[in-house]
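Structural characterization, general
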Amino acid sequence: MTEVVYFAWVRERIGLPRESIETTALTVADLVAELRAREPRYDAAFADVSALRVALDQQLSDFSAPLAGVHEIAFFPPMTGG
Amino acid sequence: MTEVVYFAWVRERIGLPRESIETTALTVADLVAELRAREPRYDAAFADVSALRVALDQQLSDFSAPLAGVHEIAFFPPMTGG
Amino acid sequence: MRISVQTARFDPAAELAQFGGPHAGAIVTFTGIVRDDTGTMQALELEHYPGMTEAAMTRIAEEASARWSLSDVLVIHRVGRLAVGEPIMMVATAARHRQAAFAAAEFMMDYLKSRAPFWKKQIGPEGAHWIAAKSTDEEALNRW
Amino acid sequence: MRISVQTARFDPAAELAQFGGPHAGAIVTFTGIVRDDTGTMQALELEHYPGMTEAAMTRIAEEASARWSLSDVLVIHRVGRLAVGEPIMMVATAARHRQAAFAAAEFMMDYLKSRAPFWKKQIGPEGAHWIAAKSTDEEALNRW
């Protein structure tokens, strides 16, 4: 099982902060395609991945990264700290 | 009468913080030549004018500046504030 | 070194009073305050990614510390609901010389803006909206 | 705006507590502290040019304030005899954005270093010597 976590408007569009999923996706991009196929709210949230960032096990990563060995995948918009 | 003011090591070499002088010097450089001719301690203090700065009526100026209308001339080393 | 992610309000003056260490010649602080540009903002809400946030702040502070030989470093960032006029965050750097203290503080600010997982939501009378990242914030990283 | 040349010690934290004004989003402070690089320094003595000093500090603060639209600005500089570890001087800037607050503070520091009439003398067990200006301080002015 893989934990998928959502923040900010990604969380709001999908309607939940985190979920455990069973996936065979090899890369982040594969997982995104899988999620988009699920339901319109996922499709809407991931419509423009250039507006999204991804972290694998709390390290910033990118959409082409492999998922092997990853426990937690987080999707969120560009950060606005400071 | 013109007030001449000295700071930091210029003051220490000349041995006084300020003096009133009667001068017919037209420029700062002329005044420096006049002072150097007075006594060895002035000659020593003004030996290297590139190591000195001058202010005319409390405005930074340079050695070629005219003295007409100036009331207070200050000589000092480069500033080290902050 | 002090790193804190907190919901509680903090006092930048009290933080400065305790900051520095014995060999500092130069101390720089930056304080960010909730600003109301529109005149109608009711609050700012800050979401973050617990765990990753602390790790990112620590990494940024350690990198600044090593690169500019800081004798002390501080990063505080609030999360949760903040009112206009309240401090959001603060960084402080202590170094021997002013250039190092300034550079380290600016470096930390640039990285916190775009590389620490915080998201700001502005709450006004007509609802809430997420503040978008600025491309200039991403570009600011290029100078380091 | 607050400009002060003073012999009395000051408290940077207390100054920060009072600083800012209602529309600031970003506050930067710089504090300079007497540092003992040799391990044998007994005191630092600061001489200045009364009258010209205040005028130079005011001019520098007004220029920074206009150029970066500061909502508040502070410059304090001590003169006389200072012990190791005591604050020498402080600048603070308040602006809407962080870049303006940082730039204004660095600009003021660069100008205070080389354009305000202060001279530092280091007092040690084997006597006193005037601290020489650094060419890098003069060069720092070129960036503004």
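Scroll up to find the structure.
Rules used throughout
Residues numbered from 1 in each chain as written. Chains lettered and ligands numbered in written order. Predicted model: local features only at pLDDT ≥ 70, side-chain atom pairs only at ≥ 80, totals over all residues. Heavy atoms only, no water. Helix = DSSP H or I, 4+ residues; strand = E, 2+ residues; numbered from the N terminus. Expected span 1.5 Å × (residues − 1). Buried < 20%, exposed > 50% of the residue type's maximum accessible area, 1.4 Å probe, protein only. Contact = heavy atoms within 4.5 Å. Salt bridge = Lys/Arg side-chain N within 4 Å of Asp/Glu carboxyl O. Buried area = accessible area lost by both parts, 1.4 Å probe. Polar contact = N/O pair within 3.5 Å; in protein donor to acceptor, adjacent residues only side chain to side chain. Least-squares fit on C-alpha atoms with pLDDT ≥ 70 in both. Arc of directions from axis to C-beta.

1. Describing helix α3 (residues 98-115) of chain D
Residues lying three or four places apart along an α-helix face the same way, a consequence of the helix completing one turn every 3.6 residues. Across its 18 residues, α3 of chain D extends 25 Å between first and last C-alpha, which sits within 8% of the 26 Å expected from 1.5 Å per residue. For α3 of chain D, the tally of buried residues reaches 15 of 18 residues, placing the bulk of the element in the interior.

2. Observations concerning the arrangement of the chains
Between chains C and D lies the most contact-rich interface of the 3 pairs of chains that touch. Across all C-alpha pairs, the smallest distance from chain B to chain C is 9 Å, and the two are not in contact. The closest approach of any C-alpha atom in chain A to one in chain D is 9 Å; the two make no contact.

3. Considering the pattern of salt bridges
Taken as a whole and judged by the stated rule, the model has 34 salt bridges over all chains. Residues D110 of chain D and R98 of chain C are paired through a salt bridge, measuring 2.7 Å at the closest nitrogen-oxygen approach. One end of the pair, D110 of chain D, is in helix α3; the other, R98 of chain C, is in helix α3 (residues 98-115), on a second chain. In terms of burial, D110 of chain D and R98 of chain C fall into one category: buried.

4. Topic: the interface of chain C and chain A
Taken together, the contact between chain C and chain A spans 25 residues of the former and 20 residues of the latter. With both sides pooled, the region where chain C packs onto chain A buries about 1,800 Å², and carbon together with sulfur makes up 57% of that total. When the buried area of chain C at its contact with chain A is split by residue, Y49, M52 and W119 of chain C rank highest and sum to 36% of it. The interface formed by chain C and chain A contains 2 salt bridges. Ionic pairing is found between K121 of chain C and E12 of chain A, a salt bridge with its closest N-O pair at 2.4 Å. Connecting chain C to chain A are 13 residue pairs in polar contact (both at pLDDT 80 or more). When contributions to the side of chain C that touches chain A are tallied by element, the ones reaching two or more residues are β3 (43-48), α2 (52-67), β6 (87-95), α3 and β7 (118-124) of chain C.

5. Focus: the relation of the copies chain D and chain C
Of the transformation placing chain D onto chain C, the axial shift is 0.0 Å and the rotation is 180°, giving an RMSD of 0.0 Å. Seen this way, the second copy is the image of the first under a two-fold rotation axis. For chain D, the smallest separation between a C-alpha atom and the rotation axis is recorded for A13 of chain D, amounting to 2.2 Å. Same-surface contact between copies: 100% of interface residues of chain D are shared with the interface of chain C.

6. Here we look at α2 of chain C
All names here are of chain C. With 16 residues, α2 should reach 22 Å at 1.5 Å per residue; the first-to-last C-alpha distance of 22 Å fits that figure. For α2, every residue scored as buried is listed here: M52, T53, A56, M57, I60, A61 and A64. Along the long axis of α2, the arc covered by the buried residues comes to 160°, so they all point the same way. Backbone geometry just after α2 places S69 at a positive phi near 45°.

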